[in-house]
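Residue-level listing of the chains:
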Amino acid sequence: MTRRLAIVALLCLACSDQRLTEVDAALARSQAALRTGDLAEALDAIDQALVRAGADPPADRLWELRLVRGDILVSRGEIEQAAPVLEAAFRDAAHRTAE
């Protein structure tokens, strides 16, 4: 029984690591596209990263994804859309600091 639980735990950890690796890859693509000025690609990649992160990503990862998405939206001149994204990122940062 204990052995089965250990195997299940390892499989869950492997799936979680794979998800974060995909998130990291999409985040890196987004940041690279942002640096080259390809804002459409940057936004698409960051949105893919947010989807891959799932419903319950680590808090530090969610903060970073929101911050990058807000940066892209500001760069595109979409201030009204960027404001709630950046507010959420700042709330996440304040919460992390308080912990």
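Let us look at the structure shown here.

What counts as what
- Residues numbered from 1 in each chain as written.
- Predicted model: local features only at pLDDT ≥ 70, side-chain atom pairs only at ≥ 80, totals over all residues.
- Heavy atoms only, no water.
- Helix = DSSP H or I, 4+ residues; strand = E, 2+ residues; numbered from the N terminus.
- Buried < 20%, exposed > 50% of the residue type's maximum accessible area, 1.4 Å probe, protein only.
- Contact = heavy atoms within 4.5 Å.
- Areas by Shrake-Rupley, 256 points an atom, 1.4 Å probe, with all protein chains shown as cover.
- Expected span 1.5 Å × (residues − 1).
- Arc of directions from axis to C-beta.
- Salt bridge = Lys/Arg side-chain N within 4 Å of Asp/Glu carboxyl O.

## Quick word on the overall build of the chain
Argument step 1. Per the secondary structure count, the chain includes 4 helices and 0 strands.
Argument step 2. Ordered by position from the N terminus, the helices and strands of the chain form the series α-α-α-α.
Argument step 3. Taken over 99 residues, the chain has a buried fraction of 26%.
Argument step 4. Put simply, of all contacts in the chain between residues at least 6 apart along the chain, 52% involve residues at least 24 apart.
Argument step 5. A total accessible area of about 6500 Å² is found for the chain, and carbon and sulfur atoms account for 59% of it.

## Observations regarding helix H2 (residues 39–53)
Argument step 1. Helix length check: H2, at 15 residues, gives a terminal C-alpha distance of 21 Å against a target of 21 Å (1.5 Å per residue), a fit within 8%.
Argument step 2. Looking at H2, one finds that the buried residues are Ala42, Leu43, Ala45, Ile46, Ala49 and Ala53. Down the axis of H2, the smallest arc covering the buried residues is 165 degrees, so these residues share one side. Of the exposed residues in H2, those oriented more than 90 degrees away from the buried face are Ala40 and Val51.
Argument step 3. Looking at the residues trailing H2, positive phi occurs at glycine 54, about 80 degrees.

## Points about the pattern of salt bridges
Argument step 1. Under the criterion given, the structure shown has 4 salt bridges.
Argument step 2. Ionic pairing is found between arginine 61 and aspartate 24, a salt bridge with its closest N-O pair at 3.2 Å. Here the residue arginine 61 occupies a position in helix H3 (residues 59–75), and aspartate 24 occupies one in helix H1 (residues 2–36), the gap between them amounting to 37 residues.
Argument step 3. Arginine 61 sits in the buried class, given a relative accessible area of 16%.
Argument step 4. For the salt bridge of glutamate 78 with arginine 76, the shortest nitrogen-to-oxygen distance reads 2.9 Å.
Argument step 5. The class of glutamate 78 is partly exposed, set by a relative accessible area of 23%.

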